[in-house]
Amino acid sequence: MRWVNRLATALIVLVVVAGPPLLAGIWLQHWWQAPTRAQVEAWVEQPLTAGTIIAGCVAVAGLAWLLLLTHLTRRALRGLRRRLRRLRHLPVPTPAQMTASSMAGVAAFTLPAATTGHPQPLPAATDTSQPSDPTRFDNHADRSAQAQPVGVALPGGGWIPYHTAAAITALAAAFWLQRRRHYRPDPRQPRDHHNDPDLQPLPGTVATVAAALTDDTIGPDHAPLPLRAQRLPEGILLLTGPGASASARGLIVEAALSSTFTVAMRPDDLGTLLPPGAPATPTLAQLTTGTGAHTAARTIIVLSDDSRVATHRWHVSTDGTATGPDLTEPRRLCSLDQQTTADLLTLIRRSQQPPPSATPRAETVPKRPPALEAEPAVATGARLTLLGGCDLTVAGEMVHPRRMAGLQILAYLAIHSDGATRSELIRAIWPHLSPSTITQRLHTTLTDLRQQLRPLLGEDPITRNDDRYRLNTRAIGTDLQTWRTAVSVMTHAVGLNQLEQACRAVIDTYRGEIAAGHTWDWLTPVREQTRRTVIDAYATLAEHTDPDEALALLHRAISIDPYNEALHHQAGNLMHAGGDHAGAAELIKRLHQRIAARDQVQR
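Residues numbered from 1 in each chain as written. Predicted model: local features only at pLDDT ≥ 70, side-chain atom pairs only at ≥ 80, totals over all residues. Heavy atoms only, no water.

With that settled, consider the overall build of the protein chain. From N to C terminus, the protein chain includes 21 helices and 16 strands. By the burial criterion, 46% of the 603 residues in the protein chain qualify as buried. In the protein chain, once contacts between residues fewer than 6 apart in sequence are set aside, the share between residues at least 24 apart is 76%. Of the roughly 31100 Å² of accessible surface on the protein chain, a fraction of 57% belongs to carbon and sulfur atoms. (Helix = DSSP H or I, 4+ residues; strand = E, 2+ residues; numbered from the N terminus. Buried < 20%, exposed > 50% of the residue type's maximum accessible area, 1.4 Å probe, protein only. Contact = heavy atoms within 4.5 Å. Areas by Shrake-Rupley, 256 points an atom, 1.4 Å probe, with all protein chains shown as cover.)

The structure is reproduced here in structure tokens:
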């Protein structure tokens, strides 16, 4: 019905604005005639006739119409000026956009050569929006922004505004893409990358935020709108109430995500908010610098009740809703507990550091390498394929678990061969839900999975020992068993011939990234570990063959990791050496375009 109301309003405005001039034009064209001399003399002798009274009423109506038209024009101009002012103060780009842009857009056009040193740390997310007093918010514009989720709720009781959650997710994506871009394959020691320090999982809060963004977490229409840290009022802001500490921690994280250091805190207040050993970030250092940070910041947040110095006093409730004399309506602040704050500061710190060097393999006496065997046969004929997809087949027939989480649990247990506890499964499958409320869902999913697969397999697909669940490899075989054996042979290979054979076996076994087509957050580190291993194998073969075959191998490696700079530069050097200068330039150009396209998708 909204479009009907808009159409009716447009018609009424059109009739009021265009109707009188149209009627006047018709009257002037068809009925109006210039008065004669005799008519003018008669009107002077007797002015109050019916015709003159009607003409006077028409003239007054015309003046009223002109006044109405003037009022509508001035109102339209004021609205236009207000929109132009909002456009100048829009927070463009947002923290999420600047995070993605810093990791891709800018770096793409300043791509370092493959022979340079350590890459520069990823810049922090920025927000170029101009701060303003909260009393100057345009409520109409804020309400129209409710088409997107207002924020996400955390299992521990915290709350993160949508724009901050998007910035965190984009920063995590930038972190992993940076690792892919700057990894340098070492053909001297191809190996398993399971223990690489830069491929360890991110803090659990990151997965919680990413999962919550895709869940149905849109608040009700009457929920208070969020207030960004960049929109805090100038001066000293005193936060009181049961939610003051949690909101202060949220403002700290928002300031750390932004390069516009508009918020500062006193060191004694900051010490009470963060847990012992909280990660130090450059932004956090500026927050606690003291007078230098206070003079540069627009807002100084204090928690002690000292009304003599506070220029603004807000009361913050448990859910982060702030009220105060200078707030025209309640606003909700980002609220975090100590552990969540530490996790997010850890993500920011890791994104601001260059990727650590891969730990070299210790020099030991070579062990006898395991023999490369075929995938063990399973009596039931069940197979879970994870390289290049995620499919469960029994006797050649595709089987789809009835519950969405069933296939994910099978994949998780297949990848983690040592099994997983109940809490580990819950954190991986449902990271954004409280474990106390989701335990029954896990039991229901496992029971339904057993009831569906036991008649097909003849035994349980998942075994349990105490509180540890494992995939029953006697009933379900996986292609990861062959992959692990091939990688072990390559890692322990002795001699060039054996190494080349092992590398080719690894390449033949790899059919694509693990669980391709699925976006489970816990998959990212595992995918990068297998990706590094297979491009190690390609780089090793390219190191010990002629230039033409080496170039073909590098192109195949690039198809597996199209964002790796070292592979592109190594292939470009071979093309230059062969005289194909245009091809080398085109190869690097496509790398830049690919990174820019990834940047655009993340925006």
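One pair of aromatic rings is described through two measures. These are the centre distance and the angle between the planes. A full pass over the atoms with the stated rule returns four aromatic pairs. Measuring from centroid to centroid gives 5.8 Å for Trp483 and Tyr510, while their planes differ by 50°, and the two rings are tilted. Taken together, the residues span a long stretch of sequence, with Trp483 in helix α16 (residues 479-491) and Tyr510 in the loop between α17 (496-509) and α18 (523-543) at a distance of 27 residues. Here the two residues Trp483 and Tyr510 agree in accessibility, since each one is buried. Taken together, Tyr412, Trp520 and Trp522 form an aromatic cluster joined through their ring pairs. (Phe/Tyr/Trp six-rings, centres within 6.5 Å; stacked < 30°, edge-to-face > 60°.)

Moving on to the nonpolar core. Core analysis: the biggest nonpolar cluster contains 70 residues, and Leu413 and Trp522 have the highest contact counts within it. Residues contacting Leu413, with those up to four places away along its chain left out, are Ala420, Leu425, Ile462, Tyr469, Arg470 and Leu471. Ala212, Leu227, Ala256 and Leu303 belong to the second largest nonpolar core, which has 46 residues in total. (Core = buried A, V, L, I, M, F, W, Y, C linked by side-chain atoms within 4.5 Å.)

A few words on the side chain of Arg332. Position of Arg332 relative to the elements: it lies in strand β9 (residues 331-332). Notably, Arg332 is buried but unbridged: the nearest opposite-charge side chain belongs to Asp319, and the N-O separation is 4.6 Å. Within the structure, the side chain of Arg332 is placed 2.9 Å from the backbone oxygen of Asp319, a separation counted as a polar contact. When sequence neighbours within four positions are dropped, the list of residues in contact with Arg332 reads Trp159, Pro224, Leu225, Pro226, Leu227, Asp319, Gly320 and Thr321. (Lys, Arg positive; Asp, Glu negative; His and termini not counted. Salt bridge = Lys/Arg side-chain N within 4 Å of Asp/Glu carboxyl O. Polar contact = N/O pair within 3.5 Å; in protein donor to acceptor, adjacent residues only side chain to side chain.)

Moving on: the pairing of strand β4 (residues 235-240). Relative to strand β6 (residues 299-302), β4 runs parallel, the two sharing four bridges. Note on β6: the bridge partner recorded for Leu238 is Val302. Strand direction decides the pairing type here: β4 and strand β7 (residues 312-316), joined by four bridges, are parallel. The residue bridging Thr240 from the neighbouring strand is His315, located in β7. (Pairing = 2+ DSSP bridges.)

On average, residues of the protein chain score 78 in pLDDT, and 74% of them are at 70 or above. Long-range and interchain partners of residues 88-146, a stretch whose pLDDT sits below 50, account for 130 contacts in this model, where long-range means more than four residues apart. Between residues 289-295, whose pLDDT stays under 50, and residues either more than four places distant or in other chains, the model counts seven contacts. (pLDDT = per-residue confidence, 0-100.)

Contact pair helix α6 (residues 162-182) / helix α12 (residues 338-351): the axes reach a minimum separation of 10 Å and the direction vectors enclose 40°. Pair α6 / α12 crosses with left-handed handedness. Contact with α6, carried on its side by Ile168, Leu171, Ala172, Phe175, Gln178 and Arg179, involves Leu344, Leu347, Ile348, Arg350 and Ser351 of α12 and no other residues of that element. Residues of the contact of α6 with α12, tallied by class, amount to seven nonpolar, two polar and two charged. (Axes fitted to C-alpha atoms, helices over the stretch in contact; angles between N-to-C directions. Left-handed = near helix turned anticlockwise from the far one by under 90°. Nonpolar A, V, L, I, M, F, W, Y, C, P; charged D, E, K, R; others polar.)

The next thing to look at is helix α8 (residues 244-257). Here α8 spans 20 Å end to end across 14 residues, near enough to the 20 Å set by a 1.5 Å rise per residue. Most of α8 is tucked away: 13 of the 14 residues are buried. (Expected span 1.5 Å × (residues − 1).)

What the rule picks out here adds up to 17 salt bridges. The partner of Arg504 in a salt bridge is Glu549, with the nearest N and O atoms 3.5 Å apart. Taken together, the residues Arg504 in helix α17 and Glu549 in helix α19 (residues 547-560) connect sequence positions 45 residues apart. Judged by its relative accessible area of 39%, Arg504 is partly exposed. Residues joined in a network through salt bridges with shared partners are Arg180, Glu513, Arg527, Glu528, Arg531 and Asp561.

This brings us to the environment of Asp319. Within the secondary structure, Asp319 sits in the loop between β7 and β8 (321-323). Along the chain, Asp319 and Trp159 lie 160 residues apart, while their C-alpha atoms are 7.5 Å from each other. Excluding anything up to four places from it in sequence, Asp319 contacts Arg332 and Ser335. Reaching out from Asp319, the side chain makes a polar contact with the side chain of Thr321 at a distance of 3.0 Å.

Spatially, seven strands are ordered β3-β9-β8-β7-β4-β6-β5 in an open sheet, and the strand pairing comes out mixed. Taken across any chain shown, the strands that pair with only one partner, and hence form the sheet edges, are β3 (225-226) and β5 (263-265). This element, α8, spans β4, β5, β6 and β7 of the sheet and lies at about 135° to β4.

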